[in-house]
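Spelled out from the first residue to the last, the chains are:
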Amino acid sequence: MPRLSKHLGGPNIYVKRDDCTGLASGGNKTRKLEYSMAAALEEGADTIITVGAVQSNHVRQTAAAACKLGLKCEVLLEHRIADPSEYYAGSGNVLLDKIFGANLREYPGGTDFDKAMTEVADEVSANGGNPYIIPGGASNKIGALGYVNCAIELLGQIEEQGLDISHIVTATGSAGTQGGLIVGLKAMESTIPLLGIGVNIPQQDQEEKVFKLACETAEYIGKAGCVAREDVVANCNYVGDGYGVPTESMNEAVLMLARTEGLLFDPVYSGKGLAGMIDLIRNGTLNDGNIVFLHTGGSAALFAYADQLHT
Ligand SMILES: *Cc1c(COP(=O)(O)O)cnc(C)c1O
């Protein structure tokens, strides 16, 4: 991203375009679903059950993947935002979920979704269906394989292009992206540090969550122990007032990337991830070398924030 790099006057910044994964406007969940959906098909499922926030990118990509594979999709939508606008409640991802014909069920924030999804699965079974539950963000050891694979792909591209990358930065939430990436990087014996910018919970909790999933994933691919606790680094200073609540720095980052590179990011994840990267460049923490920012997608959610983004 030469114009962004020049604008910030620090390191050379590259972008890995996982917003272009091809399914229903793209995003990181598509890579995970490649594995989660394969597991569902292997078990003979005819109905996918999953969960996410009202503006979940994961739900949108799962609903689209279910269509492509001829499966039904039952969605549990969590109301995580207080007093949502009409845009948040009806536009962006949730509109796309409806276009894909997913059956949407709404639940209050803080619901026990393991229990709620099991109940929906029982209902599907009682009606003669064969349900398969994909957890939020497809962040289990199966979904995380998508990002083990992404790390291998990225290292190949870095080598092919003869780049010397000093950091990989990405947004981190339900942990499958960062967890899978760190397993892939370590399994390939890469020493490039990976930084997750949190969008939700505090640093310690986020790092523990990613590390736990990384350990399970590493074991699953026969590389148990390849990730050390200190390989998992998250910076959660850019969350602001909470998950999905806009921040000034996110707003600035979304406009900056649009106006320097013609790229769209999102208000909930990649915009806050960028805000973190930009601030760390400006304050001298990430001040030299070559950075790859992994773009996890999500621009469909921009429309849900039509009344909150300052342009
Ligand atoms: C889900 C999501 C993330 C976070 O990925 P996790 O694997 O949940 O940590 C980042 N960016 C976007 C756009 C997402 O939809």
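Predicted model only: the values in this text are computed from it and were never measured.

Cut-offs and rules
- Residues numbered from 1 in each chain as written.
- Predicted model: local features only at pLDDT ≥ 70, side-chain atom pairs only at ≥ 80, totals over all residues.
- Heavy atoms only, no water.
- 1 Å grid on protein atoms, 1.4 Å probe; cavity = no way out; pocket = protein on both sides within 12 Å on 5 of 7 lines; lining within 4 Å.
- Points joined across faces, edges and corners; volume = space filled by probe spheres on them.
- Helix = DSSP H or I, 4+ residues; strand = E, 2+ residues; numbered from the N terminus.
- Phe/Tyr/Trp six-rings, centres within 6.5 Å; stacked < 30°, edge-to-face > 60°.
- Buried < 20%, exposed > 50% of the residue type's maximum accessible area, 1.4 Å probe, protein only.
- Lys NZ or Arg CZ within 6 Å of the ring centre and 35° of its normal.
- Expected span 1.5 Å × (residues − 1).
- Domains from an automatic or database assignment.
- Contact = heavy atoms within 4.5 Å.
- Buried area = accessible area lost by both parts, 1.4 Å probe.
- Salt bridge = Lys/Arg side-chain N within 4 Å of Asp/Glu carboxyl O.
- Nonpolar A, V, L, I, M, F, W, Y, C, P; charged D, E, K, R; others polar.
- Near = heavy atom within 4 Å.
- Polar contact = N/O pair within 3.5 Å; in protein donor to acceptor, adjacent residues only side chain to side chain.
- Areas by Shrake-Rupley, 256 points an atom, 1.4 Å probe, with all protein chains shown as cover.

Trainee: Hey, could you go over the layout of surface pockets for me, with residue numbers and the actual values?
Mentor: Counted as a void, the largest pocket has a volume near 780 Å³. If you trace the largest pocket, you find 37 residues lining it, with Arg80, Gly136, Gly137, Ser174 and Lys209 closest to the centre. Where the lining of the largest pocket is concerned, the elements lending two or more residues are helix H2 (29–42), strand E2 (47–53), helix H3 (57–69), helix H6 (113–126), strand E6 (167–172), helix H8 (176–187) and helix H9 (203–220). For the lining of the largest pocket, the element with the most residues is H9, which contributes four residues.

Trainee: Break down the packing of aromatic side chains for me, with residues and values.
Mentor: Here the distance between the centres and the angle between the planes together describe a pair of aromatic rings. Applying the stated criterion to the full structure yields four aromatic pairs. Ring geometry for Tyr88 versus Tyr305: centroids 5.8 Å apart, planes at 90°, classification edge-to-face. Here the residue Tyr88 occupies a position in helix H4 (residues 86–90), and Tyr305 occupies one in the segment after strand E9 (290–295), the gap between them amounting to 217 residues. The exposure class of Tyr88 is buried, given its relative accessible area of 5%. A ring pair is formed by Tyr107 and Phe113, whose centres lie 5.6 Å apart and whose planes are at 70°; its orientation type is edge-to-face. Phe113 matches Tyr107 in its accessibility class, with the two residues each being buried. Over the ring of Tyr269 we find Lys29, and its NZ or CZ is 5.4 Å from the ring centre. Sitting over the face of the ring of Tyr243, Arg80 holds its NZ or CZ atom 4.1 Å from the ring centroid.

Trainee: Tell me what's going on with helix H11 (residues 270–282), and back it up with residues and numbers.
Mentor: Taking 1.5 Å per residue, 13 residues should reach 18 Å; H11 reaches 18 Å between its end C-alpha atoms and fits that length. Among the 13 residues that make up H11, 11 are buried, leaving the element largely enclosed by the rest of the structure. Two residues or fewer after H11 comes Gly284, characterised by a positive phi angle close to 90°.

Trainee: Residue-level account of the domain arrangement of the chain, with values.
Mentor: Each assigned domain of the chain is listed here: domain 1 (2–27 + 142–305) and domain 2 (29–138). The gap between the C-alpha centroids of domain 1 and domain 2 is 24 Å. The partner domain 2 presents 29 residues to the 31 residues of domain 1 that form the contact. Of the roughly 2200 Å² buried between domain 1 and domain 2, counting both surfaces, carbon and sulfur atoms make up 58%. When residues of domain 1 are sorted by the area they lose upon contact with domain 2, Leu23, Tyr243 and Ala304 head the list and together hold 25% of the total. Summed over the shared surface of domain 1 and domain 2, the number is two salt bridges. Taking the shortest distance from any N to any O, the salt bridge between Asp18 and Arg31 comes out at 2.7 Å. When residues of the side of domain 1 that touches domain 2 are traced back to their parent elements, those giving at least two are helix H7 (145–160) and H8. In terms of residues, the side of domain 1 that touches domain 2 owes the most to one element, H7, which gives six residues. A per-class count over the side of domain 1 that touches domain 2 returns 15 nonpolar, 13 polar and three charged.

Trainee: Give me the site of the ligand: which residues, what numbers.
Mentor: Around the ligand, a shell composed of 16 residues is seen, among which Lys29, Lys32, Gly173, Ser174 and Thr296 lie nearest. Separating an oxygen atom of the ligand from a backbone N or O atom of Ala175 is a distance of 3.0 Å. Contacts to the ligand include Thr177, whose side-chain N or O atom sits 2.7 Å from an oxygen atom. Alone, the ligand offers 380 Å² of accessible surface; in the complex the protein occludes 98% of this.

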